[in-house]
Amino acid sequence: MTATKEIVVLPGDGIGPEVTKEGIKILEAVCKRHGYKLKTRSFDVGGASIDRYGRPLTDETLEACKEVPAVLLGAVGGPQWDNEPKDKRPEAALLGLRKELDLFANLRPIKVYKPLIDASTLKKEIVEGVDIMILRELTGGIYFGRPRLIEKTENGERGVDTMEYTTDKISRIAHKAFEMATNRAKKVASVDKANVLDSSRLWRKVVIEAAKQWPEIELEHVLVDNCAMQLVRYPKQFDVILTGNMFGDILSDEAAMITGSIGMLPSASIGEKFAMYEPVHGSAPDIAGENKANPLATIASIAMLCRHSLDMEEAAQEIEDAILATLEDGFRTGDIYTKSPKEYLVNTSEMGSAIMKHLNPDLQPGTFL
Ligand code: NAD
């Protein structure tokens with residue numbers, strides 16, 4: 001009997017459905033190639049779910065996500081839902097999924113593809129060979145700490161957020177970082193603001209304690225402001241960057257720009273039991289429905305999904321090789337097209353088909369254009 005791999009797909013809003021369609025096409029191809037049957041179930045999320053059910057995330061969707069090892073999400077959001085109250089906005093679905101699935105570790109690989117090296121705003125010699133894994137804690141810190149409020153005062157108003165971390169939350173993400181580093185260059189840079197913040201002082205103490213169990217890993221501590229500077233000065237010094245929720249949010253977007261295009265960046269959010277994979281970019285309302293979006297971030301997220309959740313390392317590698325080969329062939333969506341004579345401008349589905357061709361060489365050249 002053919003073994004089955006099962007995932008839930010949440011296409012979401014804007015370009016989400018367009019890019020997830022290409023991602024699923026690729027996952028189907030590698031499953032077939034490796035002798036698996038793929039079962040997918042699709043649910044509305046974000047704005048699409050608000051329009052249909054009045055809520056960005058329904059209980060039924062959440063339950064379905066808990067029945068599978070991995071969820072693929074496109075993107076949520078768009079101007080038509082911007083005036084909804086905070087808990088009814090599309091983005092509330094993301095926070096809800098992260099919380100309910102206890103997705104505490106957000107992985108963002110920052111890898112520069114050689115054929116796209118000129119797309120970066122940084123100099124070639126700075127970005128060449130960059131290979132960083134940013135590991136951001138996703139369930140704690142200032143985005144979840146209480147109290148949070150805006151209150152009236154005698155002089156106007158007062159806004160409060162609370163930056164809070166506990167030993168257990170720091171410890172589990174720290175161990176994850178050390179575990180990741182064992183399969184990489186064996187270096188972890190833990191980023192905090194321990195010279196000012198108490199929550200960071202605890203962060204550093206717990207990371208040092210966790211490191212004792214990983215003697216083969218080199219650990220350094222970097223203050224967040226210095227890290228922001230080092231990322232553009234000499235990013236190659238980093239292997240795994242371990243950091244909290246807000247610092248990770250900011251640093252990972254900064255690091256994203258090393259690679260040139262947001263349309264290229266995959267991500268994974270992993271918990272003890274569940275995992276969710278999504279491109280880093282948003283719903284890009286400006287190009288939604290035009291078949292223009294770059295699907296490579298989603299396809300690279302599928303590679304991560306194969307690696308971390310479906311026990312399909314070989315397939316993950318094949319997808320990553322196919323992305324590189326397709327870029328080497330010169331295929332470019334609008335966001336990475338530089339009008340060089342060696343490049344061919346393609347749309348979303350053509351890019352997906354170009355990747356397919358590398359996974360299935362039996363396809364005739366030109367059948368996808
Ligand atoms: P965005 O990432 O959607 O778009 C920023 C720019 O990058 C746009 O010009 C867009 O056309 C371009 N772009 C993004 N992805 C692309 C792709 N795959 N191919 C080609 N070009 C691409 O960010 P934004 O404009 O700030 O946000 C739009 C909406 O998305 C907002 O509602 C925001 O809240 C939401 N958002 C959602 C997520 C998510 O679902 N994880 C993340 C970020 C933003």
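Owing to the predicted nature of the structure, the values given are computational and were not obtained by experimental measurement. (Residues numbered from 1 in each chain as written. Predicted model: local features only at pLDDT ≥ 70, side-chain atom pairs only at ≥ 80, totals over all residues. Heavy atoms only, no water.)

A few points about the overall build of the protein chain
Step number 1: A count of helical and extended segments in the protein chain gives 12 helices and 14 strands.
Step number 2: Along the three orthogonal principal directions, the C-alpha set of the protein chain runs to about 70 × 50 × 50 Å.
Step number 3: Here the protein chain holds 369 residues, and the buried ones make up 52% of them.
Step number 4: For the protein chain, the exposed surface amounts to about 17,200 Å²; the carbon and sulfur share of it is 50%.
Step number 5: Positive and negative charge centroids in the protein chain, built from 46 and 56 side chains respectively, lie 1 Å apart. (Helix = DSSP H or I, 4+ residues; strand = E, 2+ residues; numbered from the N terminus. Buried < 20%, exposed > 50% of the residue type's maximum accessible area, 1.4 Å probe, protein only. Areas by Shrake-Rupley, 256 points an atom, 1.4 Å probe, with all protein chains shown as cover. Lys, Arg positive; Asp, Glu negative; His and termini not counted. Charge placed at Lys NZ, Arg CZ, Asp CG, Glu CD.)

Some thoughts on the packing of aromatic side chains
Step number 1: Counting across every chain of the model gives 3 aromatic pairs.
Step number 2: Where F178 meets W214, the ring centres are 6.4 Å apart and the plane angle is 25°; that geometry is what we call stacked. With F178 in helix α6 (residues 167–182) and W214 in the loop between α7 (198–211) and β9 (218–223), the pair connects residues that are 36 residues apart, well separated along the chain.
Step number 3: For F178, a relative accessible area of 0% puts it in the buried group.
Step number 4: Relative accessible area serves as the criterion here: at 19%, W214 is assigned to the buried category. (Phe/Tyr/Trp six-rings, centres within 6.5 Å; stacked < 30°, edge-to-face > 60°.)

Here's the deal with the sheet that holds strand β5 (residues 131–137)
Step number 1: The sheet built from 10 strands is open, its strands ordered β2-β1-β3-β12-β11-β4-β5-β10-β8-β9 with mixed pairing. Two strands lie at the open edges of the sheet, namely β2 (36–42) and β9, each paired on one side alone. Each strand axis lies, on average, 25° off the axis of its neighbour in the sheet, ignoring direction.
Step number 2: Taken together, the 7 bridges between strand β4 (residues 105–111) and β5 define a ladder with antiparallel strand orientation. (Pairing = 2+ DSSP bridges. Axes fitted to C-alpha atoms, helices over the stretch in contact; angles between N-to-C directions.)

Things to note about helix α4 (residues 91–100)
Step number 1: When α4 is considered as a whole, its buried residues turn out to be A93, L94, G96, L97 and R98.
Step number 2: On the buried face of α4, the contacting elements are β1 (3–12), α3 (59–65), β3 (70–75), β5 and β12 (275–279).
Step number 3: Just beyond α4, the residue with positive phi is D102, at close to 50°. (Contact = heavy atoms within 4.5 Å.)

Description of the site of the ligand
Step number 1: If you check the shell around the ligand, you find 20 residues, and the closest are E91, G282, A284, D286 and N294.
Step number 2: V76 has a polar backbone atom sitting 2.8 Å from an oxygen atom of the ligand.
Step number 3: Here an oxygen atom of the ligand sits 2.7 Å away from a polar atom, N or O, in the main chain of G282.
Step number 4: Taken by itself the ligand offers 800 Å² of open surface, and the protein chains cover 68% of this. (Near = heavy atom within 4 Å. Polar contact = N/O pair within 3.5 Å; in protein donor to acceptor, adjacent residues only side chain to side chain.)

Some words on the pairing of strand β7 (residues 156–162)
Step number 1: In this sheet, β7 lies alongside strand β6 (residues 145–153) in antiparallel orientation, the contact comprising 6 bridges. Residue pairing in the sheet places T153 in a bridge with G156 of β7.
Step number 2: Connecting the antiparallel pair β6 and β7 is a turn made up of 2 residues.

A few points about unusual backbone geometry
Step number 1: A cis amide bond links R146 to the next residue, P147, at an omega of 5°.
Step number 2: Looking at where P147 falls in the secondary structure, it is placed in strand β6.
Step number 3: Positive phi is not limited to glycine here, since K186 has a value of about 65°.
Step number 4: The topology assignment puts K186 in the loop between α6 and β8 (187–192).
Step number 5: Look at K186 and you get partly exposed, because its relative accessible area is 35%.
Step number 6: A positive phi angle is found at A284, which is not glycine, with a value near 40°.

Topic: the confidence of the model for the protein chain
Step number 1: Averaged over the protein chain, the pLDDT score is 94; the fraction of residues at 70 or greater is 97%.
Step number 2: Predicted confidence for residues 364–369 stays below pLDDT 50, and this span has 9 contacts to residues more than four positions away or in other chains. (pLDDT = per-residue confidence, 0-100.)

Notes on the pairing of strand β10 (residues 240–243)
Step number 1: Going residue by residue along β10, you find V240 and L242 tucked away on one face and I241 and T243 tucked away on the opposite face as well.
Step number 2: Direction of pairing for β5 relative to β10: parallel, over a ladder of 4 bridges. If you follow L135 over to β10, its bridge partner there is L242.
Step number 3: Here β8 pairs with β10 via 4 bridges, running parallel.

Considering the state of the cysteines
Step number 1: Under the definition given, this model contains 0 disulfides.
Step number 2: Free of any disulfide, C31 has its nearest neighbouring cysteine sulfur in C306, separated by 6.4 Å.
Step number 3: With a relative accessible area of 0%, C306 lands in the buried category. (Disulfide = S-S within 2.5 Å.)

Observations concerning the environment of P17
Step number 1: Note that P17 resides in helix α1 (residues 16–33).
Step number 2: Assessed through its relative accessible area of 36%, P17 is described here as partly exposed.
Step number 3: Each C-alpha atom, one on P17 and one on Y337, is 22 Å from the other, the two residues being 320 residues apart in sequence.
Step number 4: Those residues in contact with P17, other than ones at most four positions away along the chain, are P11 and G12.

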